Amino acid sequence: MSDRSSAIKKMANSGNAGDHIRAIADQLRQETSLQIKATSRILGAAAQISENHDRLIDQVVEMVEEDLERYTQSTTTEPLTIEQLQQQFKTLKQAKLHFGIKANTWASLADKLNRQATVSIPNQTSVFQRLDTIELELQTVRTDLSKALKILTLILEKVS
């Protein structure tokens, strides 16, 4: 205790005690400001990571739903007839645009659609490509999360 009291007396006697206290207060303000900025960056990164994660989950769900819909349509539908197509669409041009198929007659359009419907296995290469893209994005999200956690750890070490 005598060491502390003598240090306080020396600071008081030197006349610089006020300056020293102001310097400490200024340093505390700067450190607090730095911590606030770092925390806001971490929270921003966490929000971005959360948005990316939600977006990726939505993409996977959408992809699975599309594939399931294609699979159920191809396995449960009866062959299309020319009459069904003509009732559904006013012109051959509208039907071709709707299905994205080139055909010169209603019969060739129905034939091409029925051939597509007999394929019960979805296009696996496109599925795998989409999954690879999603996996790469997930790796990016993991990297961002790892960086945010490192920053948070550094901040916690400095605060402690």
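Anything mentioned here points back to the structure above.
Residues numbered from 1 in each chain as written. Predicted model: local features only at pLDDT ≥ 70, side-chain atom pairs only at ≥ 80, totals over all residues. Heavy atoms only, no water.

Chemist: Is there a simple way to explain the nonpolar core in this structure?
Modeler: Nonpolar side chains tend to gather and get buried jointly when the protein is soluble and globular. Core analysis: the biggest nonpolar cluster contains 10 residues, these being Leu85, Phe89, Leu92, Ala95, Ile101, Ala103, Trp106, Leu109, Ala110 and Leu113. Within the residue set of this core, elements represented by two or more residues are helix 4 (92-99) and helix 5 (106-117). Ranked by residue count, the leading element in this core is helix 5, at 4 residues. In this structure leucine 113 touches Leu80, Leu85, Phe99 and Ile101, once residues within four positions along its chain are discounted. (Core = buried A, V, L, I, M, F, W, Y, C linked by side-chain atoms within 4.5 Å. Buried < 20%, exposed > 50% of the residue type's maximum accessible area, 1.4 Å probe, protein only. Helix = DSSP H or I, 4+ residues; strand = E, 2+ residues; numbered from the N terminus. Contact = heavy atoms within 4.5 Å.)

Chemist: I'm lost on the pattern of salt bridges in this one. Help?
Modeler: Think of it this way: side chains of opposite charge can pair up when their charged atoms draw near. This model, assessed by the stated rule, comprises 2 salt bridges. Of the charged contacts in the structure, one is a salt bridge between arginine 22 and aspartate 19, with a shortest N-O distance of 3.1 Å. Of this pair, arginine 22 and aspartate 19 both sit in helix 2 (residues 17-76), 3 residues apart, roughly one helical turn. Classification of arginine 22 by relative accessible area gives exposed; the value is 56%. Residue classification places aspartate 19 among the partly exposed residues on the basis of a relative accessible area of 45%. (Salt bridge = Lys/Arg side-chain N within 4 Å of Asp/Glu carboxyl O.)

So, to be careful, I would describe these as geometric facts and stop short of saying anything about function.
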